[in-house]
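Here are the chains, one letter per residue:
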Amino acid sequence: MAAPPATSSATANSSCARLPRAPLRRAHATVSFPYRSRPTTMTARAGPSRRLDVTAAAAAGHQKLMGSLTNNEELRFGVVVARFNEVVTNLLLQGAMETFERYSVKAENITVVSVPGSFEVPITAQKLGKSGKFDAILCIGAVIRGDTTHYDAVANSAASGVLNAGLSAGTPCIFGVLTCEDMDQALNRAGGKAGNKGAEAALTAIEMASLFRHHLG
């Protein structure tokens, strides 16, 4: 049986040559635009909550008012301290008195008033504030949660009462009343590992007294 005739490479190439050629695709032209940097004012979004640094504001010519912790010899303070939970409030009072001494507040310019509990602190602070004898009133107490809702009533009354005392008297009334879940929490905040909140409240009282005496009086 005879073998089929071999197809030459030339014949194969010629048959391929008769196929229609696919049109060449043109490369898309690349258009470049000149880069223009965005202004700084556009890149930084200025939202309504943007804050102006007080130091920058003062440098820009704005008036800056701030209380001082120095030169406090003539400032006068009233301290209202609750006797309830006395083991805690005595430590808070001690921290406050040490802070007053450290920042050069004279002992004769400090009046300490003792009241039965934290519920009685606000009305006493209001009375002292309205007397006009003091630059600031420091309110000290300790409310510790028990098994009843009494804790919530006293804690809320003390907080809102001290606020209202300051508003009605026009004298800074500083909230130094601890509201804690248990005695351990209270002691930790009365000189323990969490610091002494009485000392912190005294610092606030000094700054606010200075602000009102020297700038807002």
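Above this text you will find the structure in question.
Position numbers for residues start from 1 in each chain and track the written sequence from start to end. Where totals are concerned, whole chains, interfaces and linings use all residues; where local detail is concerned, this predicted model gives features only for residues with pLDDT of at least 70, and gives and counts side-chain atom pairs only at 80 or more. By convention in this description, side-chain values take in all heavy atoms of the structure and omit both hydrogens and water.

Chemist: What is the right way to look at the state of the cysteines in this model?
Modeler: Note on terminology: a disulfide is the covalent bond linking the sulfur atoms of two cysteines. Our working definition of a disulfide is a cysteine sulfur pair at a distance within 2.5 Å. With the rule as written, the count across this model stands at 0 disulfides. A disulfide-free cysteine, Cys-139 has its sulfur positioned 5.3 Å from the sulfur of Cys-173, the nearest such atom.

Chemist: Is there a simple way to think about the environment of Tyr-151 in this case?
Modeler: Put simply, DSSP marks the helices as runs of H or I at least four residues long and the strands as runs of E at least two long, and each gets a number from the N terminus on. Here Tyr-151 shows up in helix H6 (residues 150-169). By relative accessible area, which is 9% here, Tyr-151 ends up buried. Residues Tyr-151 and Cys-180, spaced 29 residues apart in sequence, show a C-alpha to C-alpha distance of 9.4 Å. Should any heavy atoms of two residues lie within 4.5 Å, those residues are considered in contact. Beyond its immediate stretch of four places on either side in the chain, Tyr-151 contacts Val-143, Ile-144, Arg-145, Gly-146, Thr-179 and Cys-180. The cut-offs for exposure are 20% and 50% of the maximum accessible area for each residue type, with area from a 1.4 Å probe on protein chains only; residues under the lower value are buried, those over the upper are exposed, and the others partly exposed.

Chemist: What's the story with the packing of aromatic side chains in this structure? I'm lost.
Modeler: Centre-to-centre distance and the angle between the planes together describe a pair of aromatic rings. Under the pairing criterion, centres of Phe, Tyr and Trp rings, with the six-membered ring standing for Trp, must be within 6.5 Å; the plane angle then separates stacked pairs below 30 degrees from edge-to-face pairs above 60, leaving the rest tilted. Scanning the model with the defined rule gives 1 aromatic pair in all. Ring plane angle 35 degrees and centroid distance 4.8 Å describe the contact between Phe-77 and Phe-100, whose orientation is recorded as tilted. With a gap of 23 residues between them, Phe-77 in strand S1 (residues 77-82) and Phe-100 in helix H4 (residues 86-102) connect regions that are remote in the sequence. The exposure class of Phe-100 is buried, given its relative accessible area of 0%.

Chemist: What's the story with the pattern of salt bridges in this structure? I'm lost.
Modeler: Pairing of side chains with opposite charge becomes possible as their charged atoms draw close. In the sections that follow, a salt bridge refers to a side-chain nitrogen of Lys or Arg positioned within 4 Å of a carboxyl oxygen of Asp or Glu. By the definition in use, this model includes 6 salt bridges. The partner of Lys-106 in a salt bridge is Glu-74, with the nearest N and O atoms 3.5 Å apart. Remark: Glu-74 occurs in the loop between helix H3 (54-59) and S1 and Lys-106 occurs in the loop between H4 and strand S2 (110-115); sequence separation between them is 32 residues. The salt bridge partner of Asp-152 is Arg-145, with a shortest N-O separation of 3.7 Å. By relative accessible area, Arg-145 is classed as partly exposed at 32%. Each of Arg-76, Asp-135 and Arg-213 takes part in one network of salt bridges that share partners.

Chemist: Can you walk me through the pairing of S2 in this structure?
Modeler: If a strand is regular, its side chains alternate between the two faces of the sheet. Note on pairing: DSSP must find at least two bridges between two strands before they are called paired. Across 6 bridges, S1 lies against S2 in parallel orientation. Its bridge partner lying in S2, Val-81 is registered against Ser-114. On the question of chirality, the crossover connecting S1 to the parallel S2 by way of H4 is right-handed. Whether a crossover is right-handed depends on one test, that the path from the first strand over the helix to the second runs clockwise when the strands point away from the viewer.

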